[in-house]
Amino acid sequence: MSTTILQLLVSGIGTGSIYALIALGFNVVFKSTGAMNFAQGEWVVMGGMIAALMANSFSSIAVTCLVAVLLVTIFGMLSERLVIFPLRRPNALLITLVSIGLAICTRSLVMLLLGKKPVGYPGFSKSTTIWMGGVSIQTQTLWIIGLTLAFLAVMHLFFERTILGKALRAAAADREAAAIVGIKVETTVLLSFGIAAFAGALAGAIITPLTLASYDQGAMFSFKGFSAAMLGGVGSLPGAVVGGLALGLLESLGSFYISSDFKDAIAFAVLLAILFARPTGFLGRADIVKV
Amino acid sequence: MTASPRTAVPTSHPIPAQPPSPAGPAIEPAGPRKNRVELRFDGHWPLILVWLLLLLIPLVASNNYVVSLANAALINLILIASLNLLMGFGGQISLGHAGFFGLGAYASGILNARWGIDAWVGLPAAVIVASLAALLIGIPALRLRGLYLSMATLGFNSILFVLFNRLVGLTGGPNGLLGVKPFSLFGWPLDNEIRAFPLIWLLSFLVMLSIRHLLQSRTGRALRAVATNEMGADAVGIDSFRTKLLFFVIAAAMAGLAGSLYVHTNQYASPETFDISNSILLVVMVALGGSGTNWGPVAGTLILTIVPQLLLDYEDAELMLFGLGMLIVLIVFPAGLAGLPQALVQRFRSRRP
């Protein structure tokens, strides 16, 4: 019995890490623009699909994934220059709507260039499962958890220690004040799209060995990432982690103990209950104002 | 979200001294812009005229397919216009409008297909079920601002989608709900496109008319105030929470009505018609048409009806063309297509002062 729970916890944390990465990307763009970015999930799919396409081009899968993630990052920044930057009077709603258009274009681009078939590749380690404390765990799940932790640590250092990270935070806190002290606010938006695309593509590249990637999964990833971000507290980076893990655990425990058919419904019902009880999410602050 | 830059927001219900002529646009009876002819279609006459013209569709249509398109378009118009009421005029973004649509469709359809309850009973039942669901979501969600309603409605729509798919005994699951009977009038079933058209035509007209009346009423003005500045609205004595809740429930009720019309016209419903992507599509159509304008929903409905027909031949590229078109409209005309004539007139005027 306890081994079952352990297994569910590990898989929940694995999925939760993916949601945390997506939620982090969502939060970074939300912080810099105030908008919901519906393209976030498409970058996840794009990362996985590009990595699958190049699976045999490089010496190891890990290098392939890195190249794929960097390509998607460039794509994300290019998208910002093409569709967000030209907006004459940007506001949160308009950017949200534009991101829906961007998501549609990205999805069809992936479909037209990379195909409609689900694709995948082997995990980063040679052996697919290992035994740990009496339960078999997929090694890729451990990679997912480890890489997510590493990425979060890097992000933490970036936002706390580097001048660029501080500029990003300053622009998120007050655009005009940041502009006055010489921060190029438009550049911070570009950078936030880069970080969001990187986080999304990383999530896609490391989950694809377990679930395969298909062009039509993007919207689902976006919604899950959005939910995780809301659950943790929109705009909060630690919140993205807490929200992602909570959503991942909810899904894995809910699908086992209640019903796998109703997995998504259970997760969303609990999510709504938590949000109604604690509107700012676990770690959120003043982004949502109580009337 | 700020109010759209309309030139003249009526601060009181303008009562024209004489009925405006049916052909021309309504002209403000008084005010500083008296001598300036504006491109405004704010009176009821243009609406009545357009709906009278719509009556010609079944007569001039070359085949039944055109009439079925018109039926679908009028049902979509109810959805887009009610969402525009909430989003365009009220500033509240619901990502669950297709969910309320589905709730209405399944409520009315299940009552009919499973228990043989007449469509005329199903129609008010659909409206009531959708309204109650909106109360359930709205009471906790609308006390807060920001992305909160969007998240709550998105979650609500996701839950409904799972239920539509998995409660197979009730909904028919992924295969869809079969065996729904059409509306009937004096024992005469409205069982094809042409017979169903008058009912959909009438109800869509009533919805458009009531939206117009609502917006000109005291609560409608309160809604605009809330959308512009919630704290300011509260300060002048408007209960912003109750105003938002009222319009959220009204919009959901209209979506429920559309759902009942949909299910009894098509005599079928399947879950994917009501998923979040369609909720988002409705939001997009409100924006492309012109959020917070009277004729925006009509423009949005025309896009939603015509564009997919035009893109049918392009198969795989369809999605790409749609996305690109959407981006271009949003970047070049962020106010939406309904604002286009006004923008062109203004540009023309500013060139030749």
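What counts, and at which threshold
Along each chain, numbering runs from 1 in the same order as the chain's sequence is written. For this description, chains carry letters from A and ligands carry numbers from 1, given in the order in which they are written. In view of the model being predicted, local features appear only for residues whose pLDDT reaches at least 70, and side-chain atom pairs are presented and counted only at 80 or more, with totals across whole chains, interfaces and linings using the full set of residues. The numbering of helices and of strands both runs from the N terminus, where a helix is a DSSP run of H or I of at least 4 residues and a strand a run of E of at least 2. Put simply, a residue is buried when 20 or more other C-beta atoms lie within 10 Å of its own C-beta and exposed when 12 or fewer do; between those, it is partly exposed, and each C-beta is set from the backbone. Contact definition: two residues whose C-beta atoms, as placed from backbone geometry, lie within 7 Å. In this setup the radius of gyration rests on C-alpha atoms only. A globule is expected at 2.2 Å times the number of residues raised to 0.38. Amino acid classes used here: Ala, Val, Leu, Ile, Met, Phe, Trp, Tyr, Cys and Pro are nonpolar; Asp, Glu, Lys and Arg are charged; the rest, including Gly, are polar. What counts as an axis is a line fitted to C-alpha atoms, over the stretch in contact for a helix, and the angles between N-to-C directions run from 0 to 180 degrees. Under this scheme an angle from 65 to 115 degrees is roughly perpendicular, one under 35 degrees roughly parallel, and one over 145 degrees roughly antiparallel; angles in between are oblique. In this scheme, a crossing is called left-handed if the near helix is turned counterclockwise away from the far one by less than a right angle; it is called right-handed if the turn is clockwise. Confidence of the predictor in every single residue is expressed as pLDDT, which spans 0 to 100. Think of a nonpolar core as buried Ala, Val, Leu, Ile, Met, Phe, Trp, Tyr and Cys residues, each tied to the set through C-beta atoms within 7 Å. Here the arc refers to the directions that run from the helix axis out to each C-beta atom. By the convention used here, strands pair only if DSSP detects at least 2 bridges between them. The length a helix should cover is 1.5 Å for every residue beyond the first.

### Digging into the overall build of chain B
When helices and strands are tallied, chain B shows 15 helices and two strands. Across the 353 residues in chain B, those meeting the buried criterion constitute 46%. Long-range pairs, those at least 24 residues apart, make up 74% of the contacts in chain B with a sequence separation of at least 6.

### Topic: the overall build of chain A
What chain A contains, in helices and strands, is eleven helices and two strands. Along chain A, helices (α) and strands (β) appear in the sequence α-α-α-α-β-β-α-α-α-α-α-α-α when read from the amino end. Relative to the 2.2 N^0.38 estimate, which gives 19 Å for 291 residues, the radius of gyration of chain A is 19 Å and therefore close to what a compact globule would have. Overall, the C-alpha framework of chain A stretches about 60 × 50 × 35 Å when taken along its three principal axes. For chain A, the residues scored as buried account for 52% of the 291 residues in total. Long-range pairs, those at least 24 residues apart, make up 75% of the contacts in chain A with a sequence separation of at least 6.

### Here we look at the interface of chain B and chain A
Interface size is commonly expressed as the accessible surface area that is lost when the partners come together. Each partner contributes to the interface: chain B provides 37 residues, whereas chain A provides 40 residues. Within the residue set of the side of chain B that touches chain A, elements represented by two or more residues are α6 (148–166), α11 (240–266), α12 (276–290) and α14 (318–332) of chain B. Considering only residue class, the side of chain B that touches chain A consists of 25 nonpolar, seven polar and five charged.

### Considerations on the packing of helix α4 (residues 97–115) of chain B against helix α5 (residues 119–141) of chain B
Helix packing geometry: the angle between the two helix axes and the distance between the axes. Residues and elements named next belong to chain B. In contact at an axis separation of 8 Å, α4 and α5 are set at 140° when each is read in the N-to-C sense. Relative to α5, the element α4 lies oblique. Pair α4 / α5 crosses with right-handed handedness. Within the contact between the two elements, α4 uses F100, L103, G104, A107, S108, L111 and N112 and α5 uses A119, G122, L123, A125, A126, V127, V129, A130, A133 and A134. Partitioning the contact of α4 with α5 into residue classes produces 13 nonpolar, four polar and no charged.

### A few points about the confidence of the model for chain B
For residues with low pLDDT, the predicted coordinates do not support detailed interpretation. Overall, the prediction assigns chain B a mean pLDDT of 82, with 86% of residues at 70 or greater. Interface predicted TM-score (ipTM) for the complex: 0.86; the corresponding pTM is 0.83.

### Some remarks on the nonpolar core
Core analysis: the largest hydrophobic core is formed by 192 residues, its most contacted members being A201(A) and A130(B). The biggest single contributor to this core is helix α3 (residues 64–89) of chain B, with 15 residues. Residues within four places of A130(B) in sequence aside, it is in contact with F100(B), L103(B), G104(B), A252(B), A253(B), A255(B) and G256(B).

### Here's the deal with the packing of helix α5 (residues 139–161) of chain A against helix α8 (residues 185–211) of chain A
Residue and element names in this part refer to chain A. α8 packs onto α5 with a crossing angle of 170° between their chain directions and a minimal axis gap of 9 Å. Classified by the interaxial angle, the pair formed by α5 and α8 is roughly antiparallel. The residues of α8 that touch α5, namely those facing Q140, W143, I144, L147 and F151, are A199, L202, I206, I207, P209 and L210.

### Re helix α9 (residues 218–228) of chain B
All names here are of chain B. Within α9, the full set of buried residues consists of G220, A222, L223, V226 and A227. Buried residues of α9, seen end-on, are gathered within an arc of 155° and therefore sit on one face of the element. Against α3, α8 (193–216), α10 (230–235) and α11 lie the buried residues of α9.

### A word on the confidence of the model for chain A
Residue and element names in this part refer to chain A. Chain-level statistics for chain A give a pLDDT mean of 87 and a share of 97% at 70 or above. Mean pLDDT values for the elements of chain A range from 80 in strand β1 (residues 129–132) up to 94 in helix α2 (residues 40–53). Overall, residues 286–291 carries pLDDT values under 50, and its contacts beyond four positions in sequence, including any with other chains, amount to 22 contacts.

### Re the pairing of β1(A)
Residues and elements named next belong to chain A. In this sheet, strand β2 (residues 135–138) lies alongside β1 in antiparallel orientation, the contact comprising four bridges. In the sheet register, I130 faces β2, and the bridge partner there is I137. Taking the residues that link successive antiparallel strands as the turn, the β1-β2 hairpin has two residues, and the phi of G133 there is positive, at about 55°.

### Side note on α4(B)
Here α4(B) spans 27 Å end to end across 19 residues, near enough to the 27 Å set by a 1.5 Å rise per residue. Immediately beyond the C-terminal end of α4(B), within one or two residues, lies G116(B), with a positive phi of roughly 65°.

### Some words on the environment of A246(A)
All names here are of chain A. The topology assignment puts A246 in helix α10 (residues 237–257). Residue classification places A246 among the buried positions, given that 24 C-beta atoms sit within 10 Å. For the pair formed by A246 and G115, sequence separation is 131 residues and the distance between their alpha carbons is 33 Å.

### Considerations on the environment of L245(B)
Residues and elements named next belong to chain B. Of note, L245 is situated in helix α11. The partly exposed category is assigned to L245, around which 19 C-beta atoms lie within 10 Å. Between the C-alpha atom of L245 and that of G300, which follows or precedes it by 55 residues, the distance is 25 Å. If near-sequence neighbours (up to four positions away) are discounted, L245 is found in contact with G138, I139 and L142.

### Here we look at unusual backbone geometry
One non-glycine residue, L212(A), lies in positive phi territory at about 65°. Checked against the element boundaries, L212(A) lands in the loop between α8 and α9 (218–232). For L212(A), a count of 16 C-beta atoms within 10 Å corresponds to the partly exposed category. The phi dihedral of Q267(B) is positive, around 55°, even though this residue is not glycine.

### Side note on the environment of Q342(B)
Looking at where Q342(B) falls in the secondary structure, it is placed in helix α15 (residues 340–351). In this structure, the C-alpha to C-alpha distance between Q342(B) and S108(B), residues 234 residues apart in sequence, is 41 Å.

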